[in-house]
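# Chain and residue survey
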2 protein chains.
Amino acid sequence: MTDRRLAGPVRIVGTGLLGTSIALALRARGVDVSLSDVSPSSLALAIDYGAGRESVAADDPQLIVVCVPPDVTSRIVAAELAAYPNALVTDVASVKVEPLRELLALGADVSRYIGSHPMAGRERSGAISARADLFNGRPWVIAGHDGITYGRAAAVEQLALDLGALPIEMTAEDHDRNVALVSHAPQLISSLLAARLTDATDAATALAGQGLRDTTRIAASDPELWVQILRANAPAISAILHAYRDDLDRAIQTLDAPDAVGARRALAELIADGNTGVARIPGKHGQAKHFSRIVVLVDDKPGELARLLTEIGELGINMEDLRLEHSPGAQIGLAEISVLPTVESRLVGELESRGWKISEALA
Amino acid sequence: MTDRRLAGPVRIVGTGLLGTSIALALRARGVDVSLSDVSPSSLALAIDYGAGRESVAADDPQLIVVCVPPDVTSRIVAAELAAYPNALVTDVASVKVEPLRELLALGADVSRYIGSHPMAGRERSGAISARADLFNGRPWVIAGHDGITYGRAAAVEQLALDLGALPIEMTAEDHDRNVALVSHAPQLISSLLAARLTDATDAATALAGQGLRDTTRIAASDPELWVQILRANAPAISAILHAYRDDLDRAIQTLDAPDAVGARRALAELIADGNTGVARIPGKHGQAKHFSRIVVLVDDKPGELARLLTEIGELGINMEDLRLEHSPGAQIGLAEISVLPTVESRLVGELESRGWKISEALA
């Protein structure tokens, strides 16, 4: 399958963020891309952006990518399978069990359908936010099933590879269980936490630190999209939340009798289990390795951070990550810079010799 | 009280992160600082760092700052009150009701005690991570009580001001309720979420995105410290978790009957309530205003981000925040830059004219 690039033509149905981004990436590779959207203005916008041409009756696409909201995915996929009897059809919905089940119920020809899910959402939506590089280095799940042969599905894996993504094959059931754990349940838990702030006093929110900001950032997500995702993957999310509630119940019981025998141990194990869990998340570049982090003091004025990063760049050292720490009301900031452990001591020495104030670095 | 800088001498008990940072800041202002710690090596390290001198029997401090773990705070404060009958004593523990209650039970002279809490923790601990600027621009809660006069407590407010912090007065009860909401309950909720990952498959964690990383970052916190905080503030935290569990129960019930009448509306309201809550968190500089954000594509190689920030600095535009988006496996990054809305269009125009690729800006 390697070295066999997708030749096209490819038809994209739905010119939102994902559809337009896929189209832009394919166009950049010279593929003939035809576009379709229920909204004429959305379609026109995507064409303006150079994402492809309007579809015509004579189109005979090799591959059709359905990029519509989860609620309507199976209906649109079924219609495309019927309208284009030579095409392979895939979709990009963030749930995979329900669309397949609905297609089977509709009697669709699933020998030409394979679901997929590029893990490349954004907080922004629409063609206006599309980017050809959106899938670069991101996992792209391909959910095979017994109704389609391996060879027939190859074009979808090739699509992912052509777009720079990392194809990962798993069943629809495994996919839905996995994203429930790493995406859907965390979304709901973050939203429930943020909802506690609705009636918070200003005196309370004035004490908010970076921890609260991080834990609630995704609570700013779009309700309309998330209703569809949560509903479509309800059983898998519910299973996780039931286990989470059991843990929460134990925590509440412990807090309600904080002087009972074993209470300290129960709380310590709760926090330690969290330590263990968070360590399981792979870092940047897909590796679970730990970077060395150093914290540099930066004046909160134009050009200071740039000067710091320029000097780091001059040293030929690549930052693996950069995080600015908020200081409400302060005219000073902290830049936490992650680098490979092998360059840490050189970086600290060089920056200190240039007059930067550095907190101790920890691995 | 303004223009009345703390003259000292000041005695610091406990030379961990907070104690050493306070000492360093006072030394930088020329204050005579004496240090004490149960650990001789911790004390020697703080002295090596220039945080002050070892305490001697003849010391007659004006102010004593007790910077020890929450569990032992009241015992140490009581001992200091007894040993130094002329001194005002404060502490920096992240709970305030329990130490005061314990001091009253111990019969301590609370007419010379006022609790405080600088909101300036770090993921790192120990004298080795101390910084004189740690409190710059941070809220510093001062928890008054009926046993001490306003004038007697003034030196603690002056300490906070001298260290660049923003003194905020509230009762011990209000403080504990507020930090339960913005710090303690979020810590526990994040730990419980991360604990769900303990048994996750590699296939699941490979799909982890920035949302999971953000929601679980603080789950890496130290169990020993958090056991003390959670236990000492158990009633306030439990009250929030009870309400949180009620919301969670409703969410689980909805997910267990996702096709019931009203299920979609219930899920939409849950996500929308999260939207409302997260919007209550003030941004940088203590203001609840929204910055404009633009997203710029940056090659993942040394110097590229620096070049971007240099050019932004040359435009005289101050970044209010900067966030790098992770792209596992990718050689490209996204820099999300927050700026004042008034400079957004100029920044976008200037950067695009210099060849930077920019995603559409959203307010």
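See the structure above.
Everything in this summary refers to the structure shown in the same document. (Residues numbered from 1 in each chain as written. Chains lettered and ligands numbered in written order. Predicted model: local features only at pLDDT ≥ 70, side-chain atom pairs only at ≥ 80, totals over all residues. Heavy atoms only, no water.)

### A short note on the nonpolar core
Operational definition: Take the buried Ala, Val, Leu, Ile, Met, Phe, Trp, Tyr and Cys residues and link them wherever side-chain atoms come within 4.5 Å; each set so joined is a nonpolar core. For each residue, the accessible area found with a 1.4 Å probe, counting protein chains only, is set against the maximum for its type, and the residue is called buried under 20%, exposed over 50%, and partly exposed in between. Helix and strand assignments come from DSSP, with helices taken as H or I runs of at least 4 residues and strands as E runs of at least 2, each series counted from the N terminus. Here, residues are in contact when the closest pair of their heavy atoms is within 4.5 Å.
Counting 80 residues, the largest nonpolar core has Leu241(A) and Leu241(B) as its most contacted members. Mapped onto this core, the elements with two or more residues apiece are α6 (172–195), α9 (223–232), α10 (234–256) and α11 (263–278) of chain A together with α6 (172–195), α9 (223–232), α10 (234–256) and α11 (263–279) of chain B. Other than its neighbours up to four places away in sequence, Leu241(B) contacts Leu248(A), Ile252(A), Leu255(A), Ala185(B), Leu188(B) and Ile189(B).

### A few points about the interface of chain B and chain A
Put simply, the test is: For any pair of parts, buried area is found by adding up, for both, the accessible area (1.4 Å probe) each one loses once the two are put together. We count a salt bridge whenever a side-chain nitrogen from Lys or Arg sits within 4 Å of a carboxyl oxygen from Asp or Glu. Any N or O atom pair separated by 3.5 Å or less is treated as a polar contact, with the protein-specific requirement of one donor-capable and one acceptor-capable atom, and with residues adjacent in sequence counted only for side-chain atom pairs. The residue classification treats Ala, Val, Leu, Ile, Met, Phe, Trp, Tyr, Cys and Pro as nonpolar and Asp, Glu, Lys and Arg as charged. All others, Gly included, are polar.
Each partner contributes residues to the interface: chain B has 134 residues there, and chain A has 134 residues. For the pair chain B and chain A, the summed buried area comes to about 12300 Å², and 63% of that belongs to carbon and sulfur atoms. Measuring nitrogen to oxygen at the nearest pair gives 2.8 Å for the salt bridge that ties Arg196(B) to Asp247(A). Applying the counting criterion to the chain B and chain A interface returns 26 residue pairs in polar contact (both at pLDDT 80 or more). With 16 residues, the top contributor of residues to the side of chain B that touches chain A is α10(B). Classifying every residue of the side of chain B that touches chain A gives 67 nonpolar, 35 polar and 32 charged.

### Considerations on the sheet that holds strand β3 (residues 53–54) of chain A
Residue and element names in this part refer to chain A. Threshold: One bridge is not enough; two strands pair if DSSP finds at least two bridges between them.
A sheet is described by the order of its strands in space; here 5 strands give the open sequence β3-β2-β1-β4-β5, paired in parallel fashion. Edge positions in the sheet fall to β3 and β5 (88–91), since each has one partner strand and no second. Where strand β1 (residues 10–13) and strand β2 (residues 33–36) come together, 4 bridges link them in parallel fashion. Its bridge partner being in β2, valine 10 is matched across the sheet by valine 33.

### Quick notes on the relation of the copies chain B and chain A
The condition that has to hold: Fitting of the copies onto one another was done by least squares over C-alpha atoms, counting residues only where both copies have pLDDT of at least 70.
Superposition record for chain B on chain A: RMSD 0.3 Å, screw rotation 179 degrees, translation along axis 0.0 Å. Read as a symmetry element, the transformation amounts to a two-fold axis.

### Topic: the pattern of salt bridges
Think of it this way: side chains of opposite charge can pair up when their charged atoms draw near. Following the criterion strictly, the structure yields 46 salt bridges over all chains and no others. The shortest N-O distance in the salt bridge between Arg307(B) and Glu311(B) comes to 3.6 Å. Linking Arg307(B) with Glu311(B), this pair stays in helix α12 (residues 304–314), spanning 4 residues, or about one helical turn. Sharing partners across several salt bridges, the network here consists of Glu304(A), Arg307(A), Glu311(A), Glu314(A), Glu350(A) and Arg354(A).

### A closer look at the environment of Ser238(A)
Inspection of the secondary structure puts Ser238(A) in helix α10. On the accessibility criterion, Ser238(A) (2% relative accessible area) is buried. Linking Ser238(A) and His184(A), residues 54 residues apart in sequence, is a C-alpha distance of 10.0 Å. Contact partners of Ser238(A), with chain neighbours within four places excluded, come to Ile252(B), Leu255(B) and Asp256(B).

### A word on the sheet that holds strand β3 (residues 53–54) of chain B
Residues and elements named next belong to chain B. Worth spelling out the cut-off: Simply put, an axis is a line fit to the C-alpha atoms, just over the touching stretch for a helix, and the angle between two N-to-C directions goes from 0 to 180 degrees.
If you walk across this open sheet you meet the 5 strands as β3-β2-β1-β4-β5, and the pairing is parallel. Looking at which strands have only one partner, the edges of the open sheet turn out to be β3 and β5 (88–91). Bridging between strand β4 (residues 63–66) and β5 involves 4 bridges; their strand directions are parallel. Looking at β5, one finds that valine 66 is bridged to aspartate 91. Sheet strands in contact with helix α2 (residues 40–48) are β2 (33–36) and β3, and its direction is about 155 degrees off that of β2. This element, helix α5 (residues 154–162), spans β4 and β5 of the sheet and lies at about 65 degrees to β4.

### Comments concerning the packing of aromatic side chains
All names here are of chain A. Heads up, the rule is: To pair, rings of Phe, Tyr and Trp, with the six-membered ring standing in for Trp, must have centres within 6.5 Å; the planes then decide the type, stacked if under 30 degrees apart, edge-to-face if over 60, and tilted in the middle.
Applying the stated rule across the entire model yields 2 aromatic pairs over all chains. When the centroid spacing of 5.2 Å and the interplanar angle of 45 degrees are considered together, the rings of phenylalanine 135 and tryptophan 140 count as tilted. Side by side, phenylalanine 135 and tryptophan 140 carry an identical accessibility label, which is buried.

### Side note on the pairing of strand β8 (residues 166–169) of chain A
Where strand β7 (residues 139–143) of chain A meets β8(A), 4 bridges bridge the pair, whose relative direction is parallel. If you follow Val141(A) over to β8(A), its bridge partner there is Ile168(A).

### So, the pairing of strand β6 (residues 115–118) of chain B
Residues and elements named next belong to chain B. Alternating residues of β6 divide into Gly115 and His117 and Ser116 and Pro118, and every residue in both groups is buried. With 4 bridges connecting them, β6 and strand β7 (residues 139–143) associate as antiparallel partners. For serine 116, the partnering residue across the bridge sits in β7 and is isoleucine 142.

Remember that the coordinates give geometry; whether it matters functionally is a separate question.
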